[in-house]
Amino acid sequence: MSNIREAVMDLERHTAEQGWDRPLGLYALVPTAELLKAEPALADLLGIGSPADPDELTPVEQEPLPDGLPLEEALGRILWPEGVAGCALVMERLVVKGSDETLAAGEDPSASGRETEEIRMVAGVMRDGSRHCAMRMRSHDSEAEVLNGADLIPALTSALALTLDLEEPEQG
């Protein structure tokens, strides 16, 4: 079993340290032990002094997704190589309070009169099918109030699973 929960929560904490209003981030999740075997110099850079836990994952940030392309379409163009054990996405969105509806990029929430909440979502999926998500609301910006769970953001984890060429279970 992978350490997807730990990888997602570490990414969430790292992103929180950078503050809000950050661009979307896409990450390959690679086993740390394999990464260090391929790139031994990284051990010093990452501050790893002993052999890594075989289940430990290292997020490797990818190039930004193309501008002007809807997220679903951009993700649909990605297929990770075999050496990538999983992937994760970090993004901020405005959601309509009391619903799971997100506003489109650039949509003015005051124009519709709907009350919104800014959230940061981190979702990760592994090739073994395991997944985990974390969500932080800007109005409750503390580590103690981060929501997390495997099925917290199912549409996002399903989209990420497709980049790993995983079959999604039938909903029903």
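Heads up: the structure comes first, above all this text.
Residues numbered from 1 in each chain as written. Predicted model: local features only at pLDDT ≥ 70, side-chain atom pairs only at ≥ 80, totals over all residues. Heavy atoms only, no water.

Student: Would you take a moment to explain the nonpolar core for this structure?
Tutor: What tends to happen in soluble globular proteins is that the nonpolar side chains get buried as a cluster. Residues Leu-26, Leu-71, Leu-75, Trp-80, Leu-89, Leu-156 and Leu-160 are the most contacted members of the largest nonpolar core, which totals 28 residues. Secondary structure elements with two or more residues in this core: strand S1 (25-31), helix H4 (71-76), strand S3 (86-96), strand S4 (116-126), strand S5 (131-137) and helix H6 (154-163). Dropping the residues within four chain positions of it, Leu-71 is found in contact with Leu-24, Leu-65, Leu-89, Met-91, Arg-93 and Leu-156. Leu-11, Leu-29, Ala-85 and Val-146 belong to the second-largest nonpolar core, a separate cluster that totals 15 residues. (Core = buried A, V, L, I, M, F, W, Y, C linked by side-chain atoms within 4.5 Å. Buried < 20%, exposed > 50% of the residue type's maximum accessible area, 1.4 Å probe, protein only. Helix = DSSP H or I, 4+ residues; strand = E, 2+ residues; numbered from the N terminus. Contact = heavy atoms within 4.5 Å.)

Student: What's the story with the sheet that holds S1 in this structure? I'm lost.
Tutor: Strands pair in a sheet through their backbones, by hydrogen bonds, and they do so in one of two ways: parallel or antiparallel. Strands sit in the order S2-S1-S3-S4-S5-S6 across an open sheet of six strands; the sheet is antiparallel. For this open sheet the edge positions go to strand S2 (57-61) and strand S6 (147-149), each flanked by a neighbour on one side alone. When the angles between neighbouring strand axes are averaged without regard to direction, this sheet yields 20°. Relative to S3, S1 runs antiparallel, the two sharing five bridges. Bridge pairing in S3 links Gly-25 to Val-90. (Pairing = 2+ DSSP bridges. Axes fitted to C-alpha atoms, helices over the stretch in contact; angles between N-to-C directions.)

Student: Is there a simple way to think about H6 in this case?
Tutor: One turn of an α-helix holds 3.6 residues; hence residues three or four places apart share an orientation. Looking only at H6, the buried set comprises Leu-156, Thr-157, Ala-159, Leu-160, Ala-161 and Thr-163. Those residues of H6 hidden inside the fold are in contact with H4, S3, S4 and S5. Where H6 ends, the next residue or the one after it, Asp-165, has phi of about 60°, a positive value.

Student: Would you explain helix H1 (residues 4-18) in this entry?
Tutor: The terminal C-alpha atoms of H1 lie 21 Å apart, and with 15 residues this matches the ideal 21 Å at 1.5 Å per residue to within 8%. Here H1 has its buried residues at Ile-4, Ala-7, Val-8, Met-9, Leu-11, Glu-12 and Thr-15. Two residues or fewer after H1 comes Gly-19, characterised by a positive phi angle close to 90°. (Expected span 1.5 Å × (residues − 1).)

Student: Is there a simple way to explain the side chain of Glu-118 in this structure?
Tutor: With respect to the element layout, Glu-118 can be found in strand S4. There is a polar contact of 2.8 Å between the side chain of Glu-118 and the side chain of Arg-138. Setting aside its immediate chain neighbours within four residues, Glu-118 contacts Trp-20, Asp-21, Glu-92, Arg-93, Leu-94, Arg-136, Met-137 and Arg-138. (Polar contact = N/O pair within 3.5 Å; in protein donor to acceptor, adjacent residues only side chain to side chain.)

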